[in-house]
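# Chains, contacts and geometry: an overview
The lines below spell out each chain.
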Amino acid sequence: MLKIAVLVSGSGTNLQAIIDRIEDGTVKNAAIQIVISNNPKAYALERARQHDIKAVCISPKQFESRDAFNHALLDEIDRANVDLIVLAGFMVVVPAMIIEKYRNKIINIHPSLIPSFCGQGYYGLHVHEAALKKGVKVSGATVHFVDEGTDTGPIIMQKAVEVKNDDTPQTLQRRIMEQAEWIIMPKVIDAIAAGRVSVKDGIAKIEEE
Ligand code: GRF
């Protein structure tokens, strides 16, 4: 059984997609042990509790220093004894010591086709604003392993989504969530749970079923 921690900051629709696919059996051999948010108001915490999943808030504001927060976050993850950390809209830079300890065990979802519209400053609606400004005809989402850079780790899965002439950042964001994010994140978790994902020389590969 693949034990998972999901780290969130906001509404948690990606968390919901993972919960739903585990519950309906599409994602096999996986269980969410804990949901951690840096934001006490994140609706994602409520979603977790509704499904009897342990949900905790660890906010930087509760600590004297960033270092103390980082250690508290690592301690909570360690205590949960997980095999995989899923960043599902987690708006905090993951500290290097966590990346080091959980190398190739942390995945993130980014709402564009990396290496387009990613890196520092590309989060939330900014990603989709940039895509529309450039006039790209397809965008999409990427699930990747997390390394020390911003959106630079090995790419695991991507899905393209059509950009429409009358899109706003909001409509494009929504379409990318519905047609890409909520689909590929559970798929990647299922593949990792089945032992079908490997990384060699910085390149991730998924074995066919
Ligand atoms: C998603 O767009 C995801 O790609 C990005 O943050 C957003 C999270 O949304 N990393 P939600 O909290 O899962 O609804």
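These numbers were taken from a predicted model, which means no experiment stands behind them.

When you tally the buried positions in strand β6 (residues 138–145), you get 7 out of 8 residues, the bulk of the element. With 4 bridges joining them, strand β5 (residues 106–110) and β6 adopt antiparallel strand pairing. Across the sheet, residue Ile 107 finds its bridge partner in β6, namely Phe 145. For β6 and strand β7 (residues 155–162), the ladder comprises 7 bridges, and the chain directions are antiparallel. Each residue of the ladder has a partner; that of Val 138, found in β7, is Glu 162.

For the rest of this paragraph, the subject is the packing of helix α5 (residues 125–134) against helix α6 (residues 169–193). Between α5 and α6, the shortest axis-to-axis distance is 9 Å and the interhelical angle comes to 110°. As judged from the angle between their axes, α5 and α6 are roughly perpendicular. For the pair formed by α5 and α6, the contact residues are Leu 125, His 128, Glu 129, Ala 131 and Leu 132 on the first element and Pro 169, Gln 170, Leu 172, Gln 173 and Ile 176 on the second. Its residues assigned to classes, the contact of α5 with α6 comprises 6 nonpolar, 3 polar and 1 charged.

Close to the ligand lie Ser 11, Gly 12, Thr 13, Asn 14, Gly 89, Ile 109, Pro 111, Met 177 and Glu 181, which account for all nearby residues. Between the ligand and the protein, one listed contact pairs a nitrogen atom with a backbone N or O atom of Ile 109 at 3.0 Å. When the free accessible area of the ligand is taken as 370 Å², the share hidden by the protein chains comes to 86%. In this structure, the ligand is accommodated by the largest pocket. Listed by contribution, the elements that provide at least two residues to the shell around the ligand are α1 (13–23) and α6. Split into classes, the residues belonging to the shell around the ligand amount to 3 nonpolar, 5 polar and 1 charged.

Thresholds, definitions, all that
- Residues numbered from 1 in each chain as written.
- Predicted model: local features only at pLDDT ≥ 70, side-chain atom pairs only at ≥ 80, totals over all residues.
- Heavy atoms only, no water.
- Buried < 20%, exposed > 50% of the residue type's maximum accessible area, 1.4 Å probe, protein only.
- Helix = DSSP H or I, 4+ residues; strand = E, 2+ residues; numbered from the N terminus.
- Pairing = 2+ DSSP bridges.
- Axes fitted to C-alpha atoms, helices over the stretch in contact; angles between N-to-C directions.
- Parallel < 35°, antiparallel > 145°, perpendicular 65-115°, else oblique.
- Contact = heavy atoms within 4.5 Å.
- Nonpolar A, V, L, I, M, F, W, Y, C, P; charged D, E, K, R; others polar.
- Near = heavy atom within 4 Å.
- Polar contact = N/O pair within 3.5 Å; in protein donor to acceptor, adjacent residues only side chain to side chain.
- Areas by Shrake-Rupley, 256 points an atom, 1.4 Å probe, with all protein chains shown as cover.
- 1 Å grid on protein atoms, 1.4 Å probe; cavity = no way out; pocket = protein on both sides within 12 Å on 5 of 7 lines; lining within 4 Å.
- Sits in = over half its atoms within 2 Å of the grid points.

It is worth stressing that arrangement in space is one thing and function is another; only the former is reported here.
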